[in-house]
Amino acid sequence: MKKVLLVLLTLCFSMGGRAQEKTMAELFKVMPDSLLPYLTTNNRLDMLDFMEANMKAEVTNLLDGKSEMTALAPDSLSIRMNSVLRIDMKVARVAEPVDSNTQIIRVIRTYTLNENQTERIVDVYSSVWRKLSSVIVQSSLLKRDDELLSKPHL
């Protein structure tokens, strides 16, 4: 009897931990506006609704341009913000919780000017959208501003 009770308690606790985990869509809904400044909360909600209805998930952003969610899965999404910027998000479960959160969100911003000029920046957030880290993982931009400014002028 004690073993059965122990097994039931273990199952209850493990199911409770899973209940706290959120899908990418749920996390995207509560994402702070400051992380995607020219998409409003309504833009984000419209994109999710369009994707669920199997429609083209394109909205007019605050810069009067078009932004489109091109992929949505329970653990990831992809948005073409404009002709230069693509945003990919992936939610993952972590072995050691961060701030008592069991999930982290990786946000990859890819800027592509042409095939020779790209930059990819990866930001990692907790599930309450607190920034944990940021790193440029790939850059093929020809010149950086600080390099240009540090060179003596002729």
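Above this text sits the structure in question.
Residues numbered from 1 in each chain as written. Predicted model: local features only at pLDDT ≥ 70, side-chain atom pairs only at ≥ 80, totals over all residues. Heavy atoms only, no water.

> What am I meant to see in the overall build of the chain here?
Of the regular secondary structure elements, the chain holds four helices and seven strands. Classification of the 154 residues of the chain by burial places 31% in the buried group. For the chain, long-range pairs separated by at least 24 residues make up 29% of all intrachain contacts whose partners lie at least 6 apart in sequence. Looking at the chain as shown, the accessible area adds up to about 10300 Å², and 58% of this sits on carbon and sulfur atoms. (Helix = DSSP H or I, 4+ residues; strand = E, 2+ residues; numbered from the N terminus. Buried < 20%, exposed > 50% of the residue type's maximum accessible area, 1.4 Å probe, protein only. Contact = heavy atoms within 4.5 Å. Areas by Shrake-Rupley, 256 points an atom, 1.4 Å probe, with all protein chains shown as cover.)

> Sorry, what's going on with the layout of surface pockets here?
Using a probe with the size of a water molecule, rolled over the atoms, empty space left in the structure can be pinpointed. When its volume is computed, the largest pocket comes out at roughly 160 Å³. The wall of the largest pocket is formed by 15 residues, among which Leu 35, Leu 36, Pro 37, Ile 87 and Arg 109 lie closest to the centre. If one sorts the elements of the lining of the largest pocket by residue count, strand β5 (residues 101-114) sits on top with three residues. (1 Å grid on protein atoms, 1.4 Å probe; cavity = no way out; pocket = protein on both sides within 12 Å on 5 of 7 lines; lining within 4 Å. Points joined across faces, edges and corners; volume = space filled by probe spheres on them.)

> Looking at this structure, how should I read the pairing of strand β1 (residues 57-60)?
Side-chain direction in a regular strand flips from residue to residue, so the side chains alternate between the two faces of the sheet. Of the two faces of β1, only one is covered, namely that formed by Ala 57 and Val 59; the face formed by Glu 58 and Thr 60 stays uncovered. As paired elements, β1 and strand β2 (residues 66-73) share four bridges and run antiparallel to each other. Residue pairing for β2: Thr 60 is matched across the bridge by Lys 66. The antiparallel hairpin formed by β1 and β2 contains five residues in its connecting segment, where Asp 64 sits at a positive phi of about 60 degrees. (Pairing = 2+ DSSP bridges.)

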